[in-house]
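# A closer look at the structure
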Amino acid sequence: MWHLHSRAQIPIEISAGHSGYYYQHSFATRFNPEKSLGFFHTSSVLIPYDKNRGNEIMSQSYLSYAMGNRWTSGIGTIFTPVNRVRPSVFFQYFHKGKTTSVLAYPRMDIWSDPNLELMGFIEYKGAINRPINLYARFQYMTTWNRNEHSRSYQYARAGIDTGGIQFGMAANFDQYGRFATNYSNFGLFVRKVF
């Protein structure tokens, strides 16, 4: 999903449920396949039906450096409506197996009052060269400042992969603020890697 490839891959996902919509994409590539320097970008938009919650936007862009097949770091910016644009650094571990991929992605604002974040996922795609495969992903994120919890989520996907398109059931659990106030969203998702 977020691994630095010599050729850019862009996974895009949209989900719709009983309490809102969710969209996410990512883009990762190396400037030169033989070199370690690259570019990484990811964005997401959460649009709840409840207007009192407001829409939520997150966008990150980084100059990245691959330290091997599984380890990458980078420096760049993160944008959210609450904090606006802040400088940020990340460190990433990514392992892609034959059927299962694992990512761990710690990130920190470079700021006087930094947010510390841990994001990651485990994804199952099934065997290659089958017309229909099972698809499943569990994605998580938690963000804290020095004093308290700020934002977390746990997103689960379960469905099928056919013709390079994944779709099925989606469950989103979002927590906000010091007391981790929870909102859930159950529905359907569709995903494709371009």
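Our structure's up above, just so we're on the same page.
To start, this report covers the structure provided alongside it. Bear in mind the structure is a predicted one, so any value in this text is a computation, not a measurement.

Conventions and cut-offs
- Residues numbered from 1 in each chain as written.
- Predicted model: local features only at pLDDT ≥ 70, side-chain atom pairs only at ≥ 80, totals over all residues.
- Heavy atoms only, no water.
- Helix = DSSP H or I, 4+ residues; strand = E, 2+ residues; numbered from the N terminus.
- Buried < 20%, exposed > 50% of the residue type's maximum accessible area, 1.4 Å probe, protein only.
- Pairing = 2+ DSSP bridges.
- Salt bridge = Lys/Arg side-chain N within 4 Å of Asp/Glu carboxyl O.
- Phe/Tyr/Trp six-rings, centres within 6.5 Å; stacked < 30°, edge-to-face > 60°.
- Lys NZ or Arg CZ within 6 Å of the ring centre and 35° of its normal.

## Quick notes on unusual backbone geometry
Excluding glycine, most residues fall at negative phi; most peptide bonds, likewise, are trans. A positive phi angle, close to 50 degrees, is found at Ala 180, a residue other than glycine. Note that Ala 180 resides in the loop between strand E11 (165–176) and strand E12 (181–193). Take Ala 180: its relative accessible area is 30%, and that puts it in the partly exposed class.

## Things to note about the pairing of E11
Where strand E10 (residues 149–162) lies against E11, twelve bridges are found, and the strand directions are antiparallel. Bridging from a neighbouring strand, Ile 160 pairs with Phe 167 of E11. Linking two consecutive strands that pair antiparallel, namely E10 and E11, is a turn of two residues; a positive phi of about 60 degrees is found at Gly 163 within it. With twelve bridges connecting them, E11 and E12 associate as antiparallel partners. Directly across from Asp 174, in E12, lies its bridge partner Tyr 183. Counted along the chain from E11 to the antiparallel partner E12, the turn is four residues long, and its residue Gly 177 has a positive phi close to 75 degrees.

## Considering the pattern of salt bridges
When charged atoms on two side chains of opposite charge get close, those side chains can pair. Evaluated as defined, the whole model comprises nine salt bridges. Glu 13 serves as the salt-bridge partner of Arg 157, at 2.8 Å between the closest nitrogen and oxygen. With Arg 157 in strand E10 and Glu 13 in strand E1 (residues 11–17), this residue pair connects regions lying 144 residues apart in the sequence. Across the pair, Glu 13 and Arg 157 agree in class, each one buried. A salt bridge links Arg 151 to Asp 174; the nearest nitrogen and oxygen atoms lie 2.8 Å apart. Linking Arg 151 in strand E10 with Asp 174 in strand E11, this pair joins segments that are 23 residues apart in sequence. Within the structure, one salt-bridge network assembled from shared partners comprises Arg 86, Arg 107, Asp 109 and Glu 117.

## Some thoughts on the packing of aromatic side chains
Going through the model one piece at a time under the given rule, you end up with 16 aromatic pairs. Judged by centre distance (5.5 Å) and plane angle (75 degrees), the rings of Phe 173 and Phe 186 are edge-to-face. Linking Phe 173 in strand E11 with Phe 186 in strand E12, this pair joins segments that are 13 residues apart in sequence. Judged by relative accessible area, which is 29%, Phe 173 ranks as partly exposed. Within the aromatic cluster, the residues linked to one another by ring pairs are Phe 40, Tyr 62, Phe 90 and Tyr 105. Positioned above the aromatic ring of Tyr 183 is the side chain of Arg 53, whose terminal nitrogen or guanidinium carbon lies 4.0 Å from the ring centre. Between Lys 192 and the ring centre of Phe 194, over which it is positioned, the NZ or CZ distance is 5.6 Å.

## With respect to the pairing of E12
Sheet topology places E1 next to E12; seven bridges connect them, and they run antiparallel. Bridge pairing in E12 links Ser 15 to Phe 189.

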